[in-house]
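Chain by chain, the residues run as shown.
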Amino acid sequence: MISGTVGNYDGKKGYGYISPEGGGKDIYVNIKEVDRAYVSRLAVGQRLNFEIKIDHFGRSSAVRLKLFPKNDKR
């Protein structure tokens, strides 16, 4: 799993981007994955773990989201 921080997320549009902790290109995240993780919403600055899935077009997206506890200061 990769750690990252929510860079932006628009719940109305249903997508956003996560910045990986080690740097690199931001990773797309879709509302379907947020729902699948039983998360009510993502907020800018929120930390989480995720895996990267690459589709048949070569586009990457975040899957299997797991939020850090709110008091985690890593």
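Keep in mind it's a predicted model, so treat the numbers as computed, not measured.

Here we take up unusual backbone geometry. Backbone geometry places tyrosine 38, a non-glycine residue, at a positive phi of 60°. Among the structural elements, tyrosine 38 can be located in the loop between helix H1 (31–36) and strand S4 (47–54). A positive phi angle, near 50°, is found at arginine 64, a position not held by glycine. Mapped onto the elements of the fold, arginine 64 is located in strand S5 (residues 60–67).

What follows is about the environment of leucine 67. Here leucine 67 lies in strand S5. Taking the C-alpha atoms as reference points, leucine 67 and asparagine 49, separated by 18 residues in sequence, lie 6.3 Å from one another. Setting aside residues no more than four positions away along its own chain, leucine 67 makes contact with Val39, Leu42, Gln46, Arg47 and Leu48.

As a further point, take the side chain of arginine 47. Position of arginine 47 among the secondary structure elements: in strand S4. Take arginine 47: its relative accessible area is 16%, and that puts it in the buried class.

This part covers the environment of glutamate 21. Counting through the fold element by element, glutamate 21 comes out in the loop between strand S2 (15–20) and strand S3 (27–30). For the pair glutamate 21 and threonine 5, spaced 16 residues apart in sequence, the C-alpha separation works out to 7.0 Å. Ignoring anything within four residues of it in the chain, the contact list for glutamate 21 reads Ser3, Gly4 and Arg47.

Mapped onto the present numbering, the UniProt feature "domain: CSD" (unreviewed entry) falls at residues 1–67. Secondary structure content for residues 1–67 is 9% helix and 52% strand, while the C-alpha to C-alpha distance between its ends is 12 Å.

This next bit is on the nonpolar core. Listed in full, the 12 residues of the largest apolar core are Val6, Tyr9, Ile18, Ile27, Val29, Val34, Val39, Leu42, Leu48, Phe50, Ala62 and Leu65. Elements with a contribution of two residues or more to this core: strand S1 (2–10), S3, S4 and S5. Dropping the residues within four chain positions of it, valine 34 is found in contact with Tyr9, Val29, Val39, Leu42 and Leu65.

Residue placement: serine 3 occurs in strand S1. Within the structure, the side chain of serine 3 is placed 2.8 Å from the side chain of asparagine 49, a separation counted as a polar contact. When neighbours within four sequence positions are excluded, serine 3 is seen to be in contact with Pro20, Glu21, Arg47, Leu48, Asn49, Phe50 and Phe68.

Rules used in this analysis
- Residues numbered from 1 in each chain as written.
- Predicted model: local features only at pLDDT ≥ 70, side-chain atom pairs only at ≥ 80, totals over all residues.
- Heavy atoms only, no water.
- Helix = DSSP H or I, 4+ residues; strand = E, 2+ residues; numbered from the N terminus.
- Contact = heavy atoms within 4.5 Å.
- Buried < 20%, exposed > 50% of the residue type's maximum accessible area, 1.4 Å probe, protein only.
- UniProt positions renumbered as here; feature names shortened; annotations may be inferred.
- Core = buried A, V, L, I, M, F, W, Y, C linked by side-chain atoms within 4.5 Å.
- Polar contact = N/O pair within 3.5 Å; in protein donor to acceptor, adjacent residues only side chain to side chain.

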